[in-house]
Each structure stands twice: as structure tokens, then as C-alpha cells.
Amino acid sequence: MEQLISLCKRRGFIFQGSEIYGGLAGTWDYGPLGSELKRNIQNAWWNMFITSREDMYGIDAAILMNQNVWKASGHVAGFSDPLVEDIVTQKRYRADHVLEEHNIDPKGMSIEMMSKAIADHKLKSIDGNAFGEVRTFNMMFQTNIGAIQDGTSVSYLRPETAQGMFVNFKNVVDSLHPKLPFGLGQIGKAFRNEIAPRDFVFRSREFEQMEIEYFVKEEDWQGRFADWMVAMYAWMDVVGIPRTKVHELEVAPEDLAHYSKRTMDFEFDFPFGRKELYGLAYRTNFDLNNHAAASTVPLYVVDDETSEKIVPHCIEPTFGLDRTILAVLASAYHEEGEGDDKRVVLKLKSNIAPYKVCVSPLLRNKPELVDKARALYSVMKKVFGNVTWDDNGNIGKRYRRQDEIGTPYCITVDFDTLADDTVTVRDRDTANQDRVAIADLENFLKEKFQ
Ligand code: GAP
């Protein structure tokens with residue numbers, strides 16, 4: 001994990017948020033390569049789940065919503081984690097994490113049970129002090145809208161993107177008239193005032209989600225739930241998350257979120273342990289019913305066959321974008337060879353790699369090579385978009401640098417190129433080199449990228 005974090009910083013993938021001011025806990029900034037990787041993943045997700053399907057519609061809702069949204073959704077009353085404080089330093093801990101660290105399973109425990117377990121086992125904080133009582137801590141960031149600060153101006157930074165889709169359900173039904181089953185998908189920021197942000201981008205206070213609310217007839221929910229499980233594994237294949245590192249966890253009834261009747265977590269073997277990557281929940285018609293009751297706006301679709309008004313049930317596949325990035329990077333990170341031959345290589349799938357191709361002249365002080373390589377670079381950029389230029393150091397060093405950031409192919413223009421219009425194409429994973437005519441290069445690479 002330390003090597004991965006160091007590579008992310010050194011090569012411009014991910015930086016600590018507000019770093020020059022000493023940082024801001026639980027925030028991370030994506031650098032030039034990280035933002036390319038992130039965008040490629042977002043685009044792949046949007047393409048797979050929205051654009052290429054007939055039954056899916058994308059939306060992009062505002063982050064700030066009417067406070068009544070969060071009352072109706074149950075978040076104001078129930079979106080909390082168990083908090084416990086060191087009685088001397090007042091440092092805050094997540095009570096369930098404290099128990100887990102002492103090999104006590106907190107699953108299914110109430111706040112009172114956690115307090116008792118901490119007291120019975122005489123658990124101490126990192127500073128060696130006793131803990132106080134466990135209490136609930138609402139994780140939503142609260143703010144006020146406009147100049148007047150009173151109860152009516154309260155709003156929250158959304159803790160999940162999901163509600164933006166439930167609240168726009170009627171707008172989509174009225175404007176596009178979709179038939180069941182259909183879904184809404186959204187990619188966007190979510191905010192949670194995590195008591196203990198940790199493990200790099202795994203648990204942060206500002207993060208991004210890619211979520212789907214898929215509306216079905218109640219009697220169909222089990223079949224659709226199973227279909228979405230298959231689709232979620234197919235997605236993991238698209239971004240290169242190996243199935244062997246993913247494990248299903250059926251969430252126990254007593255641990256289900258307040259809206260869920262069934263949840264399947266997909267856990268991943270992160271470098272710091274097996275932890276939740278994605279979730280698939282059966283949210284019933286909890287959200288639509290609650291919003292209809294609270295807003296007094298009926299939320300339903302009319303059944304084609306029976307003309308009946310139906311409040312559809314909802315299957316929710318949810319994908320943390322930052323956790324996807326972490327799982328992808330951890331899976332791609334390889335160290336190979338020994339001593340001087342040692343190389344770090346990010347074996348990213350070419351569809352998400354920040355750069356698809358790197359173009360270099362063999363020597364930077366030979367104008368005829370540089371001109372030829374520059375011309376090829378422009379063409380490659382037009383064709384593949386994410387193409388980089390590197391003329392620093394010797395060719396071996398350039399290959400190492402590109403390996404480390406996951407560039408699948410390096411093209412080198414050398415003296416033979418001037419004679420016969422061929423270039424060397426070097427493969428990141430095998431380190432094999434092919435001699436390819438410039439005229440064939442586009443097709444050669446397109447075939448490799450399939
Ligand atoms: N709409 C359902 C929902 O929000 P969740 O399990 O609380 O469910 C969904 O969150 C996904 O968001 C998680 O599976 C995880 O990938 C990601 N996620 C949740 N909290 C996070 C955090 N603090 N930092 C980074 N990602 C987080």
C-alpha cells in the first residue's frame with residue numbers, strides 16, 4: 001500500500017487534499033494522470049450502463065437538495081455511525097472499528113451493546129485512555145442556503161447520489177415515458193463526515209459514486225437482482241478487477257441499511273484487508289413511497305397491460321468510483337525482476353490507462369528524428385487522444401517511466417524509420433518489440449486495444 005501511495009503521488013495520480021496547507025483529512029485530489037484514469041473509468045461505466053442500453057437513462061442532479069429530501073429518505077434520522085471518544089483527549093473513534101481491532105465482531109450490536117463490550121473488555125484508545133459511552137453521529141455535512149441562517153435554510157451535502165434519482169423519477173417518467181423495467185444512472189460527488197477517514201481513498205469525506213436505481217415490478221425483484229449481480233461482475237472485467245479478488249457478502253438482516261430488504265456486498269482483497277468495494281441493494285419502494293408521502297406528489301408508473309398505477313420497486317447497484325480506482329491500481333501494480341532489471345509496472349487495461357501510447361524519438365538531439373516523431377505524435381493524438389510524448393533520458397529509462405504509469409505501448413522513431421518508415425512498438429506487459437510500418441500503425445494498435 002505504501003508503494004502504491006508513493007507511486008500515486010510521485011507520478012501525478014493522487015495527491016493529499018490541500019497538501020501545501022498541511023492537508024485536510026479525508027480529502028484527496030486527483031492529479032493529471034489520476035484524473036485521466038478516473039475519467040476513463042467514468043466513461044466506461046456510462047457507456048456500459050447508460051449509452052449502450054435501451055432501458056437506462058442518465059441524470060445529473062444538484063448536490064444540494066431541499067432538506068425535506070433527507071428527512072423523507074431517513075438520512076436525517078438514521079444516517080449515522082457509532083462514535084466513541086477518548087475521555088481524556090476527546091479524540092474520536094468509530095466504535096465498531098475499535099471493537100474489530102480487538103477481534104470483537106460488532107455486527108448486529110446496538111449502541112448500548114457496543115458501549116458494554118468496550119467497558120467489559122476495558123478497551124483503551126491509542127493514547128491509553130478509557131472511552132466514554134458510544135453514541136450515534138450523523139454523517140451528513142450540514143450547511144445553510146442563502147444569507148439567513150435558521151432552521152428553514154438548512155441543507156446538506158448529499159451523502160449518496162441515489163436520492164437525486166428518486167426525486168427526479170416523476171420528471172423522467174413524464175418526459176420520456178419509459179416502461180418497466182427501466183433505470184436511472186448517475187455519477188457524482190457524495191460527502192460523508194466520516195469519523196475516521198482512512199486507507200487512502202478507500203474511506204474519505206468527499207468521494208464519488210456511480211449509482212443506478214433500477215425500477216421493476218415487485219414480483220420481478222429477485223430475477224432482476226440476479227441479473228444485476230451478473231452485470232456487476234461484467235463491469236469488473238471491463239476495468240480489470242480480477243474476480244478472484246472479489247467476494248460476495250450477504251449482509252445480515254440486522255446489519256441492513258434502513259432502506260434495504262436485501263443487500264449483497266462485493267468485497268475486494270485490498271492491500272489492507274478484505275473490504276466493501278460495491279453494493280447491490282433491494283430498496284423495495286421505500287424511497288418512492290416516502291418521497292410521495294412527504295412531497296404529496298404521487299410517484300408511480302401506469303402499467304401498460306392493466307392500466308394500473310404501480311409504485312415500482314427498486315434494485316440499486318452502487319459503485320464507489322474512488323474504491324474502483326484503488327482496486328484497479330492495486331490489481332495492476334506489479335514489481336518484476338531484480339536489481340538493475342527491476343521494474344514497477346502498472347498493468348492497467350488499455351481502455352482505462354491514462355495514456356494509450358507514448359511516442360519518442362530515439363535521440364532528442366537529432367532534429368530529423370525529433371521532427372519525424374513529432375509528426376507521428378500529432379497523428380497518434382488525433383486517433384487515440386490520450387497519447388504522451390517522452391524524449392527524456394535514454395530509451396530504457398523512458399520505457400521504465402511509461403511502465404510505471406501503465407502506458408500500454410511505446411513507439412520509438414529511430415534511424416531505420418528515416419529509411420523505411422517503420423517504427424518500434426514496445427509492449428508494456430511482455431516488453432516485446434515489434435517493427436511496424438507507420439502506414440499500418442493505427443490498425444496494429446487498434447487491434448491490440450480490442
Ligand atoms: N446509495 C447507496 C449507498 O450510498 P453505500 O454502501 O453507503 O450505499 C455506496 O455506498 C458505495 O460508495 C460503497 O460501496 C463504496 O464503494 C462507496 N463509499 C461509501 N462510503 C465511502 C467513503 N467514505 N469513501 C469512499 N467511498 C465510499
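How each quantity is defined
- Residues numbered from 1 in each chain as written.
- Predicted model: local features only at pLDDT ≥ 70, side-chain atom pairs only at ≥ 80, totals over all residues.
- Heavy atoms only, no water.
- Near = heavy atom within 4 Å.
- Polar contact = N/O pair within 3.5 Å; in protein donor to acceptor, adjacent residues only side chain to side chain.
- Areas by Shrake-Rupley, 256 points an atom, 1.4 Å probe, with all protein chains shown as cover.
- Helix = DSSP H or I, 4+ residues; strand = E, 2+ residues; numbered from the N terminus.
- Domains from an automatic or database assignment.
- Contact = heavy atoms within 4.5 Å.
- Buried area = accessible area lost by both parts, 1.4 Å probe.
- Core = buried A, V, L, I, M, F, W, Y, C linked by side-chain atoms within 4.5 Å.
- Buried < 20%, exposed > 50% of the residue type's maximum accessible area, 1.4 Å probe, protein only.
- Phe/Tyr/Trp six-rings, centres within 6.5 Å; stacked < 30°, edge-to-face > 60°.
- Lys NZ or Arg CZ within 6 Å of the ring centre and 35° of its normal.
- Axes fitted to C-alpha atoms, helices over the stretch in contact; angles between N-to-C directions.
- Parallel < 35°, antiparallel > 145°, perpendicular 65-115°, else oblique.
- Left-handed = near helix turned anticlockwise from the far one by under 90°.
- Nonpolar A, V, L, I, M, F, W, Y, C, P; charged D, E, K, R; others polar.
- Pairing = 2+ DSSP bridges.
- Patch = residues over 30% accessible without salt bridge, like charges linked within 9 Å, V, L, I, M, F, W, Y side chains within 5 Å.
- Salt bridge = Lys/Arg side-chain N within 4 Å of Asp/Glu carboxyl O.
- Lys, Arg positive; Asp, Glu negative; His and termini not counted.
- Charge placed at Lys NZ, Arg CZ, Asp CG, Glu CD.

Caption draft 1: Spotlight on the site of the ligand. Of all residues adjacent to the ligand, which total 20 residues, the nearest are Glu160, Arg192, Glu211, Glu276 and Leu277. Within the side chain of Arg192, an N or O atom sits 2.8 Å from an oxygen atom of the ligand. At 2.7 Å from an oxygen atom of the ligand is found a main-chain nitrogen or oxygen belonging to Leu277. Alone, the ligand offers 550 Å² of accessible surface; in the complex the protein occludes 91% of this. Broken down by element, the shell around the ligand gets its largest block of residues, 4 residues, from strand S14 (residues 273–284).

Caption draft 2: Seen up close, the domain arrangement of the chain. Split by domain assignment, the chain resolves into domain 1 (2–67 + 163–329) and domain 2 (355–449). Its C-alpha centre places domain 1 at a distance of 38 Å from the equivalent point of domain 2. Between domain 1 and domain 2, the residue contacts involve 7 residues of the former and 6 residues of the latter. Across the domain 1/domain 2 interface, buried area totals approximately 580 Å², and carbon plus sulfur atoms make up 47% of it.

Caption draft 3: Spatial organisation of the nonpolar core. By size, the foremost hydrophobic cluster in this structure holds 60 residues, and its most contacted members are Trp235, Ile241 and Phe266. Here this core takes 10 residues from helix H9 (residues 221–239), the largest share from any one element. Setting aside chain neighbours within four positions, we find Ile241 in contact with Met236, Val246, Phe268, Leu277, Tyr278, Thr324, Ala327 and Val328.

Caption draft 4: Quick peek at the environment of Arg274. Relative to the assigned elements, Arg274 resides in strand S14. The sequence separation of Arg274 and Ser155 amounts to 119 residues, and the corresponding C-alpha distance is 35 Å. Apart from residues lying up to four places away in sequence, Arg274 is in contact with His247, Glu267, Phe268 and Asp269. At 3.0 Å, the side chain of Arg274 and the side chain of Asp269 are in polar contact.

Caption draft 5: Quick look at the packing of aromatic side chains. This structure, assessed with the given rule, holds 26 aromatic pairs. Where Trp221 meets Phe225, the ring centres are 6.0 Å apart and the plane angle is 90 degrees; that geometry is what we call edge-to-face. Placement of the pair is Trp221 and Phe225 together in helix H9, with a separation of 4 residues, close to one helical turn. In this pair, the class of Trp221 matches that of Phe225, namely buried. Here the aromatic residues Trp45, Trp46, Phe49, Tyr214, Trp228, Trp235, Tyr278 and Phe319 are joined through ring pairs into a cluster of three or more. Above the plane of the ring of Trp389 lies Arg374, whose end atom (NZ or CZ) is 4.0 Å from the centre.

Caption draft 6: Structural detail: the packing of helix H12 (residues 367–384) against helix H15 (residues 438–449). At a minimum axis distance of 12 Å, the contact between H12 and H15 shows a crossing angle of 40 degrees. What the angle tells us is that H12 and H15 run oblique. In this structure, H12 crosses over H15, and the sense of that crossing is right-handed. Residues Lys372, Leu376, Met380, Val383 and Phe384 of H12 lie in contact with H15, whose contacting residues are Ile438, Leu441, Glu442, Leu445, Lys446 and Phe449. When the residues that make up the contact of H12 with H15 are grouped by side-chain class, the tally is 8 nonpolar, no polar and 3 charged.

Caption draft 7: Quick look at the packing of helix H2 (residues 32–51) against H9. Remark: H2 packs on H9, axes separated minimally by 11 Å, with the N-to-C direction vectors making an angle of 145 degrees. Handedness of the H2/H9 crossing: right-handed. In this structure, H2 uses Ile41, Ala44, Trp45, Met48 and Phe49 to contact H9, whose residues at the interface are Trp228, Ala231, Ala234, Trp235, Val238 and Val239. Here the residues of the contact of H2 with H9 sort into 11 nonpolar, no polar and no charged.

Caption draft 8: Structural context of the side chain of Ser360. Mapped onto the fold, Ser360 is located in strand S20 (residues 357–361). A polar contact is formed between the side chain of Ser360 and the backbone oxygen of Asp390, at a distance of 2.6 Å. Discounting residues that sit within four places of it in the chain, Ser360 has contacts with Ala373, Asp390, Ile395, Arg398, Ile411, Thr412 and Val413.

Caption draft 9: Representation of the sheet that holds strand S13 (residues 262–270) within the structure. Reading across from one edge, S3-S10-S11-S17-S14-S13-S12 is the order of the 7 strands in this open sheet, with mixed pairing throughout. The open sheet has two free edges, formed respectively by strand S3 (56–58) and strand S12 (246–250), since each of these has just one partner strand. Across the sheet, the mean angle separating the axes of adjacent strands is 25 degrees when strand polarity is ignored. With 6 bridges connecting them, S14 and strand S17 (residues 313–320) associate as antiparallel partners.

Caption draft 10: Geometry of the environment of Glu404. Summarising the element assignment, Glu404 is placed in helix H13 (residues 395–405). You can call Glu404 buried: its relative accessible area is 13%. Counting along the chain gives 58 residues from Glu404 to Leu346, while the straight-line C-alpha distance between them is 5.5 Å. Excluding residues that lie within four positions of it along the chain, Glu404 makes contacts with Leu7, Arg10, Arg11, Val344 and Leu346. A polar atom in the side chain of Glu404 sits 3.0 Å from the side chain of Arg11.

Caption draft 11: Just a negative patch on the surface, in detail. Where like charges cluster on the molecular surface, the negative patch consists of Glu100, Asp105, Glu254 and Asp255. Along the chain, Asp255 turns up in the loop between S12 and S13. With relative accessibility at 30%, the residue Asp255 sits in the partly exposed group.

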